[in-house]
Structure formats: structure tokens, C-alpha cells
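# Summary of the model geometry
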Amino acid sequence: FDSFNPKIVATGNGFFVAYLNNKDGWYRLYGRFLDGDKLSPDLLVSEMASYDVITPALASDGSDRIVAAWSDWKANYRFPSYRLINGRTLGSIQPLRTVTEGTDDYTNAWYFDLAFDHSGGLAGAWNQHYPAILGVCAGNLVDTATSVTSVSGDISRNECGGYPSTAFDSENHQWVVRESYWWGSYKTGADQQILA
């Protein structure tokens, strides 16, 4: 069997490790708690279904609240989901609310970064096809997200961007850093940049 793409976060008294594994023929997201040198049994974080799961991400508030996000890869579409784990109890799987304006109900989002804010709220940033060819979007996972890369209305002219990361500053404002679009840099000969 194949296990890969591990993620780890600290909990109040140990760690939580999540990873993809295909032990039943489909890649699913599993997790295990690590307390000292003791590992808990495997915990299925994503659902049992006939498609692969990709691009997992984790965040922890440093105590007993963890969030995991991933994409369900169905026919080359990536449908994002997330799940809260509170005190080692799994919450229900929820759809992550992507940007919908200019997408014609097309959903294709992946490569998440997650963070808890200073009041315990949750936010993320990710890549998404449309409203840009390859955009960066962010939001609180529950409400419809917004585009971090600029959107002018014409998909072919909307700003593209690469892999994002997110954090909160001391005033509880969400920051998203991201790569400038590689293909645009390659075509123009400009250096790729990190933008915030």
C-alpha cells in the first residue's frame, strides 16, 4: 500500500498526523493521534467512496480543535471538503465554500492552507480554476470565498497565481501569501515573485 503526503499539527498534549493511503484501492485521508510514543489506531478522515482524495491540509488551534481539508478528485474535478475534529471526535464532512462568481457552477479547487484566527475562527487559502485560469482564493470555509488574485470579469485577463499560504496577524487580519503565476513569468522572462 502507498502512504504519502503526511501533515502534522500539535494538539494540547501531543500531535495529530494525517496522510493519504490507498489500502482499499482508493486514496483516502487517514489520521492518527500521537501521544508520546503511542499512536492511536487509524482514523478515516475523508469518506469511504469510489474516488481518490488529494491535497490534504491540517490546522490546529493548539489545544483539542483540528481542521482537515482535502479535495475529492472526481472525473478531473476537485471538490473541496473539510472536517473539524474536536477532542478526538470527528465532526461531519462539509463542503468548503469556494468562489462561485464567474465559475458557472464549476468547482475545481485544491492545495489548501488553513489557519485558526485569534478568536478560534477558521480560514483557508487555496488554488482554484475560475474565475481565473488558475487563481488564489480565500475565505472562512463556511461563507462563499473571495478571490485573492484580481478579477476583472474576463477570465483570460484575470490575474493568475500559484500556491498560497495563510496566517493571521496580531490584529486578527488574514494574510495570504502566494507565488506569482509561473507561466506568466516564463513567457515574459520576468522573475517569479512572492506576493502578499
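Residues numbered from 1 in each chain as written. Predicted model: local features only at pLDDT ≥ 70, side-chain atom pairs only at ≥ 80, totals over all residues. Heavy atoms only, no water.

## A look at the overall build of the protein
The number of helices and strands found in the protein is one helix and 17 strands. Taking 196 residues into account, the globule formula puts the C-alpha radius of gyration at 16 Å, and the protein, at 17 Å, falls close to it. Based on the C-alpha atoms only, the size of the protein along its principal axes is roughly 50 × 45 × 30 Å. Expressed as a percentage of the 196 residues in the protein, the buried residues total 41%. A separation threshold of at least 6 residues defines the contact pool for the protein, and within that pool the share at least 24 residues apart is 39%. Roughly 10300 Å² of accessible area belongs to the protein as shown, and the carbon and sulfur atoms make up 52% of that amount. In the protein, 14 positive and 22 negative side-chain charges are present, and the distance between their average locations comes to 5 Å. (Helix = DSSP H or I, 4+ residues; strand = E, 2+ residues; numbered from the N terminus. Rg over C-alpha atoms; globule rule 2.2 N^0.38 Å. Buried < 20%, exposed > 50% of the residue type's maximum accessible area, 1.4 Å probe, protein only. Contact = heavy atoms within 4.5 Å. Areas by Shrake-Rupley, 256 points an atom, 1.4 Å probe, with all protein chains shown as cover. Lys, Arg positive; Asp, Glu negative; His and termini not counted. Charge placed at Lys NZ, Arg CZ, Asp CG, Glu CD.)

## Some details on the sheet that holds strand E15 (residues 161-168)
The strand order across the open sheet formed by three strands is E15-E16-E17, and the pairing between neighbours is antiparallel. For this open sheet the edge positions go to E15 and strand E17 (194-195), each flanked by a neighbour on one side alone. (Pairing = 2+ DSSP bridges.)

## Quick look at the pattern of salt bridges
By the definition in use, this model includes six salt bridges. Arginine 88 is the partner of aspartate 35 in a salt bridge, and the nearest nitrogen-oxygen pair spans 2.6 Å. Within this pair, whereas aspartate 35 is found in strand E3 (residues 28-35), its partner arginine 88 is found in the loop between strand E8 (77-86) and strand E9 (89-90), the two being separated by 53 residues in sequence. It is possible to trace a salt-bridge network through shared partners that takes in Lys23, Arg32 and Asp42. (Salt bridge = Lys/Arg side-chain N within 4 Å of Asp/Glu carboxyl O.)

Bear in mind that shape data such as this cannot, by itself, settle questions of function.
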